[in-house]
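Fold and contact review
Here is what each chain is made of, one letter per residue.
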Amino acid sequence: MNSVTPRLTTFRTETADAYRAAVTHVVDRTAARLASVTTPTTDTPADELRRRVGVVDLDQPLGSTDRASDEIDALFSSEAVWFHHPASLAHLNCPVALPAVAAEAVLAAVNPSVDTWDQSRIGTDMERHVVDWVAGRIGFPDGDGVFTSGGSQSNLHALLLARQAATRGVDGTPAAVPLDDLVVFATTSSHFSVRKSAMVLGLPEHAVVDVPTDDHGRMRPPELAHAIAAVRRAGRTPMAVVATAGTTDRGCIDPLEPIADVCDLEDVWLHVDAAYGCGLLVSPTRRHLLDGIERARSVTADFHKSFFQPVSSSALVVRQREDLGLASWHAEYLNPEDADEPNQVDKSLQTTRRLDALKLWATLRAAGPDAVGRAFDAVLDTAAATHALVRAHDDLVLVAPTQLSTVLFRWQPAGVTDAEADALVGPLRTALLQEGRVLVAKTVVDGRPCNKLTLLDPETSVAQVSGSLDHVVATAARLHHERHAGPPPHTVARTADETAGAAR
């Protein structure tokens, strides 16, 4: 029991020294953790993690900021997933740029909100300047946009704007277009947020039409044209086409130029979901993969993926700035229509909103866009080399090619049936997660399960990924042996740690 009643200390002039001490303490603890990381996570069982959290009595304070920070270090940081580790290969999570981490500290302390100008002042101008820069990189000289919480919100916002546009007459007034008649065209490889957004927007389940794809999972423009024509014949209204510049599983990019041709001809809103592939905007060698994106009406960009920013950092960018007004709402107490100052809430789905643009600002000013582009190129080069490794491996099957940084594979040596290989995909991922030394994901491609690597660390070498694959193969062989009689397939495997150490 504390002898002194704890007092809430807030960030203010009188607490500057306490702020400095508290932040220094937590940064030192986190830096020590960072320096000692040897695996992407731990092997602590999930039940034990839940138990440790459950026994904490949130009604009984520890009595000081330092004690609370120490508990966070012992409880959370010691069990965290470290995305900078070379064996963290499961998801679209990136190691973060240090300038952005520094900017994050400023955001947490100053705590601005960029919903209205009077809450952020120059922060509003800085976000708008960053958005203008992104719009210019896309090819929207007169574009506009707003930062969002992530790709899902950006896609929702884009489809809301498309819905508003599709349900308005030529004079701008609401037209009698039933929501049940609206159609969104996507593919089975499109992000799940497309279908979830349709649900949130009040569209029926059949509102999203899947356009056929080629062998690599990319939308086929001729089939898109046929699908739009069929919808019109049925008396329904095409609302939007969602093209993907970097699908989550395959990492493929829909052919943007011919899709834009169809959308221009049919006068349909084209939205490009470039949450994953937006790093190509600054790539010195692969920018051409996004040719045609400048013809979209809206674009999603997730900087907390291929721009190496801390979560969250995303944006919706539109080619015509007036499009953001399609979903504007004004309140007299917040953003009246006759306001003289620029209020970002005029064009945002959120009200209270962080100045996440400050992190990208810091990164661009410290290192520059070319450095970000080179880092993303390094990731893609490593992914290409990893594809070659998988193709050449006797015990692995490369499931599909990629244009970005995913690697879809299946453990299936000679003599292992399709059914046996498929049945091992889930248990392999689970076993690796429980062990904590190498993290991979699982998904389904063309009706069959497979495992997936997602590379997003420019410092991870091909040798380190090779070591992780060796460990995956050895683990799969052990699991298969435990399930079936007979000796395991012959493999010579080094652990990911051994290979990472040798590469260093």
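Notes on the structure in this doc start here. On a predicted model such as this, the values are computed, not experimentally measured, just so you know.

Description of the packing of helix H13 (residues 369-392) against helix H15 (residues 462-483)
- Between H13 and H15, whose axes approach to 10 Å, the crossing angle comes to 40°. Classed by the angle they form, the pair H13 and H15 counts as oblique. Helix-helix and strand crossings are classified by hand; for H13 and H15 the assignment is right-handed. Here Thr382, Ala385, Thr386, Leu389 and Val390 of H13 come into contact with H15, specifically with Val462, Val465, Ser466 and Leu469.
- Residues that form the contact of H13 with H15 fall into these classes: 6 nonpolar, 3 polar and no charged.

Points about a negative patch on the surface
- Residues Asp118, Glu332, Glu337, Asp338, Asp340 and Glu341 make up a contiguous surface patch of negative charge.
- Checked against the element boundaries, Asp118 lands in helix H5 (residues 117-120).
- For Asp118, a relative accessible area of 55% puts it in the exposed group.

Here's the deal with the sheet that holds strand E11 (residues 448-454)
- Strand order in the open sheet formed by 4 strands is E8-E9-E11-E10, and the pairing between neighbours is antiparallel. Across the chains shown, the open sheet's two edge strands, defined by having one partner strand only, are strand E8 (396-400) and strand E10 (441-445). On average, each strand axis in the sheet is tilted by 45° relative to the strand beside it, whichever way the strands run.
- Of the pairings in the sheet, the one linking strand E9 (residues 406-411) to E11 comprises 4 bridges and is antiparallel in character. Residue pairing for E11: Phe409 is matched across the bridge by Asn451.
- Here H15 sits on the sheet and contacts E8, E9 and E11; the angle it forms with E9, its principal contact strand, is near 30°.

Side note on the nonpolar core
- Core analysis: the largest hydrophobic core is formed by 87 residues, its most contacted members being Phe185, Leu224, Val241, Leu270 and Val272.
- Grouped together as the second largest cluster of nonpolar side chains are 23 residues, Ala166, Leu201, Met239 and Trp269 included.

Considering the sheet that holds strand E6 (residues 298-302)
- A sheet is described by the order of its strands in space; here 7 strands give the open sequence E1-E7-E6-E5-E4-E2-E3, paired in mixed fashion. Of all the strands in the sheet, the pair left with one neighbour each is strand E1 (144-148) and strand E3 (208-210). Neighbour-to-neighbour, the strand axes of the sheet open up by a mean angle of 20°, direction not taken into account.
- In the sheet, strand E2 (residues 182-186) pairs with strand E4 (residues 237-244) via 4 bridges, with the strands oriented parallel. Its bridge partner being in E4, Val183 is matched across the sheet by Pro238.
- Packing of helix H9 (residues 221-233) onto the sheet brings it into contact with E2 and E4, and relative to E4 it is tilted by some 160°.

What to know about the state of the cysteines
- Taken as a whole, this structure holds 0 disulfides when the rule is applied.
- We note that Cys94 lacks a disulfide partner, and the nearest cysteine sulfur, in Cys278, lies 9.9 Å from it.
- The exposure class of Cys94 is buried, given its relative accessible area of 7%.
- Left unpaired, Cys252 is separated from the closest cysteine sulfur, that of Cys450, by 13 Å.
- By relative accessible area, which is 2% here, Cys252 ends up buried.

Some words on the environment of Val372
- Along the chain, Val372 falls in helix H13.
- As for Val372 and Leu280, which are separated by 92 residues in sequence, their C-alpha atoms are 9.7 Å apart.
- In this structure, Val372 is in contact with Val282, Ser306, Phe307, Phe308 and Thr363, ignoring residues within four places of it in sequence.

Reading the values: the criteria
Residues numbered from 1 in each chain as written. Predicted model: local features only at pLDDT ≥ 70, side-chain atom pairs only at ≥ 80, totals over all residues. Heavy atoms only, no water. Axes fitted to C-alpha atoms, helices over the stretch in contact; angles between N-to-C directions. Helix = DSSP H or I, 4+ residues; strand = E, 2+ residues; numbered from the N terminus. Parallel < 35°, antiparallel > 145°, perpendicular 65-115°, else oblique. Left-handed = near helix turned anticlockwise from the far one by under 90°. Contact = heavy atoms within 4.5 Å. Nonpolar A, V, L, I, M, F, W, Y, C, P; charged D, E, K, R; others polar. Patch = residues over 30% accessible without salt bridge, like charges linked within 9 Å, V, L, I, M, F, W, Y side chains within 5 Å. Areas by Shrake-Rupley, 256 points an atom, 1.4 Å probe, with all protein chains shown as cover. Salt bridge = Lys/Arg side-chain N within 4 Å of Asp/Glu carboxyl O. Lys, Arg positive; Asp, Glu negative; His and termini not counted. Charge placed at Lys NZ, Arg CZ, Asp CG, Glu CD. Buried < 20%, exposed > 50% of the residue type's maximum accessible area, 1.4 Å probe, protein only. Pairing = 2+ DSSP bridges. Core = buried A, V, L, I, M, F, W, Y, C linked by side-chain atoms within 4.5 Å. Disulfide = S-S within 2.5 Å.

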